[in-house]
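Next come the chains, spelled out residue by residue.
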Amino acid sequence: MLIIPDNYEPTINPELSEDALKLIKDHFQKDFSTALRLRRVTDPLFLAAGTGINDNLNGIERPVTFGIKCMNDKKCEIVHSLAKWKRMKLGAYNIVPGYGIYTDMNALRPDEEELDNLHSIYVDQWDWERTIKPEDRNLKFLKKTVKKIYGVLKDTEEFVYQRFPHIKPILPDSITFIQSEDLLKEYPDLTPFERENKAAEKYGAIFVIGIGGKLSNGKIHDGRSPDYDDWSTETEPGYYGLNGDIIVWNPILGRSFEISSMGIRVDKEALLRQLEITGTMDRVNLQFHKAILEDKIPLSIGGGIGQSRLCMFFLRMAHIGESQSSVWPDEMIKECAEHNIILK
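An unreviewed UniProt entry lists the protein under the name Aspartate--ammonia ligase, from Anaeromyces robustus.

As structure tokens, this is what we get:
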């Protein structure tokens, strides 16, 4: 659903916004790569189909496909994200624990159910992955990594304030960790999205832990593929999940605002368990899955951070189309323009 803020005025002149977007992206990725000790690598726009390497998201989204004429019409897919590809690269580059990689990823997701203030068929994000040790596969390590990322978000907000003093900092000093099961217990009559809204407004910035596995009401908080994040390992008595989302409160839109999805990745035990839970055991013979089961790629933690969303938040934009070029319904373009929201 499209949200039109009352009396909206852009904080940056649309003609000058490109400079501001570049400043934020350059600053963030420099600090982010330093904080997590990541090196930048070149990423693919498409992957060979049938390998299991492309991210299948919730398992129902169709990738954009095409055939390569000079390779007997070999089928390829535009990436959804690089959750699996990155982990394979950690092994290919022999990156030791404590270090990792990040990419400037561009993807297409034409099966988005609805285009609105936050959702576009074009996805641009920093996809990152970091090698870890077996003893790092725990909730304490996950939280430590989240705090590092949140520190970069805070630093970037300060950077924006120094360059554009009329854009005041709003992020709280620290991020609050909340189990998805605890959100359910606190707001049993609300939907997962409504629960996130309540918590984000209350705390300003939250990390919701445990996304993908069934909660005590028999439902999931949100969908996650069974073969990258570990959402089924018991982390505390009665609580499951070594993954989650970084969510902040967006005062322009008056709603929760997801900036990053991330998590500790499956080991072979978690992979088999989650494939069994989701009824997708047929994947065990795919290239990516075999590599995990045969210990040919390292244990890791990783995620994605939306570039356009990040800039949208820090520049207090009302629509992601103000921070990226994409395709929008004609009626949306018109309605937004009538309220000073100029889509690229």
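**Q** I'm lost on the side chain of Glu196 in this one. Help?
**A** Within the secondary structure, Glu196 sits in helix α5 (residues 192-203). For the buried Glu196, no salt bridge exists, and the shortest N-O distance to an oppositely charged side chain is 6.4 Å, to Arg255. Within the local environment of Glu196, its side chain forms a polar contact with the side chain of His221, the two groups lying 2.7 Å apart. Those residues in contact with Glu196, other than ones at most four positions away along the chain, are Ile206, Val208, His221, Ile247 and Ser256.

**Q** Looking at this structure, I do not really get the pattern of salt bridges. What am I missing?
**A** Side-chain pairs of opposite charge can arise whenever the charged atoms involved come near each other. Under the counting rule described, the total for this entry stands at 20 salt bridges. For Arg40, the salt bridge is made with Asp104, and the minimal N-O distance between the two is 4.0 Å. Residue Arg40 is found in strand β1 (residues 38-40), and its partner Asp104 is found in strand β5 (residues 100-108); the two are separated by 64 residues along the sequence. Note that Lys202 and Glu186 form a salt bridge whose closest N and O atoms lie 4.0 Å from each other. Of this pair, Lys202 sits in helix α5 while Glu186 sits in helix α4 (residues 180-186); the two residues are 16 residues apart in sequence, bridging distant segments of the chain. Accessibility expressed as a relative area gives 52% for Lys202, which makes it exposed. Classification of Glu186 by relative accessible area gives partly exposed; the value is 45%. Among the charged side chains, a salt-bridge network with shared partners connects Lys86, Asp127, Glu129, Asp222, Arg224, Asp229, Asp245 and Arg265.

**Q** So what exactly am I meant to see when it comes to a negative patch on the surface here?
**A** A grouping of Asp330, Glu331, Glu335 and Glu338 is seen on the molecular surface, where their side chains present a negatively charged patch. Classification of Glu338 by relative accessible area gives exposed; the value is 54%.

**Q** Can you help me understand the packing of aromatic side chains in this one?
**A** Aromatic rings considered in pairs are described by the distance between their centres and by the relative angle of their planes. Summed over the entire model, instances satisfying the criterion amount to seven aromatic pairs. Connected via pairs of aromatic rings, a cluster forms that spans Phe28, Phe32, Trp126 and Trp128. It is Arg37 that lies over the ring of Tyr99; its NZ or CZ is 4.6 Å from the centre. The lysine or arginine in question, Arg316, covers the ring of Phe313, its NZ or CZ lying 5.1 Å from the ring centre.

**Q** Could you clarify how one ought to interpret the nonpolar core in this entry?
**A** Soluble globular proteins tend to bury their nonpolar side chains together. With 54 residues, the main nonpolar core has Phe32, Trp128, Met262, Ile305 and Leu310 as its most contacted residues. If one sorts the elements of this core by residue count, helix α3 (residues 139-163) sits on top with nine residues. Ignoring any residue separated from it by four or fewer positions in sequence, one finds Leu310 in contact with Ile24, Phe28, Trp126, Leu153, Ile259 and Ile305. Membership of the second largest hydrophobic core comes to 22 residues, among which are Met105, Leu275, Val284 and Phe288.

**Q** Would you mind showing me how to read α3 here?
**A** Three- or four-residue spacings in an α-helix give side chains the same orientation, since the helix completes a turn every 3.6 residues. End to end, α3 covers 36 Å across 25 residues, agreeing with the expected 36 Å (1.5 Å per residue, within 8%). Among the residues of α3, the N-terminal cap falls to Asn138, whose side-chain oxygen and the backbone nitrogen of Lys140 are separated by 3.1 Å.

**Q** How should I be thinking about the sheet that holds strand β3 (residues 65-68) in this particular structure?
**A** What links the strands of a sheet is backbone hydrogen bonding, and the strands pair in either a parallel or an antiparallel sense. Taken together, three strands build an open sheet; the order of strands is β2-β4-β3 and the sheet is antiparallel. The two strands at the open ends of the sheet, each matched to only one other strand, are β2 (46-48) and β3. Shown here is a sheet whose adjacent strand axes are inclined to one another by a mean of 40°, direction ignored. Alignment of β3 against strand β4 (residues 74-78), held across four bridges, turns out to be antiparallel. Directly across from Gly67, in β4, lies its bridge partner Lys75.

**Q** What should I look at first to understand the packing of α3 against helix α8 (residues 307-314) in this one?
**A** Two quantities define a packed helix pair, namely the angle between the axes and the distance from one axis to the other. For the pair α3 and α8, the least separation of the axes is 10 Å and the interaxial angle reads 50°. One finds that α3 runs oblique with respect to α8. For the pair α3 and α8, the sense of crossing is right-handed. Contact residues: Leu153, Thr156, Glu157 and Val160 in α3; Leu310, Phe313 and Phe314 in α8. When the residues that make up the contact of α3 with α8 are grouped by side-chain class, the tally is five nonpolar, one polar and one charged.

**Q** Just checking my understanding: could you explain the UniProt feature "domain: Aminoacyl-transfer RNA synthetases class-II family profile" (unreviewed entry) in the protein for this structure?
**A** As annotated in UniProt, the feature "domain: Aminoacyl-transfer RNA synthetases class-II family profile" (unreviewed entry) corresponds to residues 101-329 in the numbering used here. The span residues 101-329 shows a helical share of 31% and a strand share of 25%, and its end C-alpha atoms are spaced 36 Å apart.

**Q** What's the story with the packing of helix α1 (residues 17-36) against α8 in this structure? I'm lost.
**A** Where α1 meets α8, the closest approach of the two axes is 10 Å, and the angle between their N-to-C directions is 115°. Looking at the two axes, α1 sits roughly perpendicular to α8. The handedness of the crossing between α1 and α8 is right-handed. Here α1 contributes Leu21, Ile24, Lys25 and Phe28 to the contact with α8, which in turn contributes Gln307, Leu310, Cys311 and Phe314. Tallied by class, the residues present in the contact of α1 with α8 amount to six nonpolar, one polar and one charged.

What counts and how
Residues numbered from 1 in each chain as written. Predicted model: local features only at pLDDT ≥ 70, side-chain atom pairs only at ≥ 80, totals over all residues. Heavy atoms only, no water. Helix = DSSP H or I, 4+ residues; strand = E, 2+ residues; numbered from the N terminus. Buried < 20%, exposed > 50% of the residue type's maximum accessible area, 1.4 Å probe, protein only. Lys, Arg positive; Asp, Glu negative; His and termini not counted. Salt bridge = Lys/Arg side-chain N within 4 Å of Asp/Glu carboxyl O. Polar contact = N/O pair within 3.5 Å; in protein donor to acceptor, adjacent residues only side chain to side chain. Contact = heavy atoms within 4.5 Å. Patch = residues over 30% accessible without salt bridge, like charges linked within 9 Å, V, L, I, M, F, W, Y side chains within 5 Å. Areas by Shrake-Rupley, 256 points an atom, 1.4 Å probe, with all protein chains shown as cover. Charge placed at Lys NZ, Arg CZ, Asp CG, Glu CD. Phe/Tyr/Trp six-rings, centres within 6.5 Å; stacked < 30°, edge-to-face > 60°. Lys NZ or Arg CZ within 6 Å of the ring centre and 35° of its normal. Core = buried A, V, L, I, M, F, W, Y, C linked by side-chain atoms within 4.5 Å. Expected span 1.5 Å × (residues − 1). Pairing = 2+ DSSP bridges. Axes fitted to C-alpha atoms, helices over the stretch in contact; angles between N-to-C directions. Parallel < 35°, antiparallel > 145°, perpendicular 65-115°, else oblique. Left-handed = near helix turned anticlockwise from the far one by under 90°. Nonpolar A, V, L, I, M, F, W, Y, C, P; charged D, E, K, R; others polar. UniProt positions renumbered as here; feature names shortened; annotations may be inferred.

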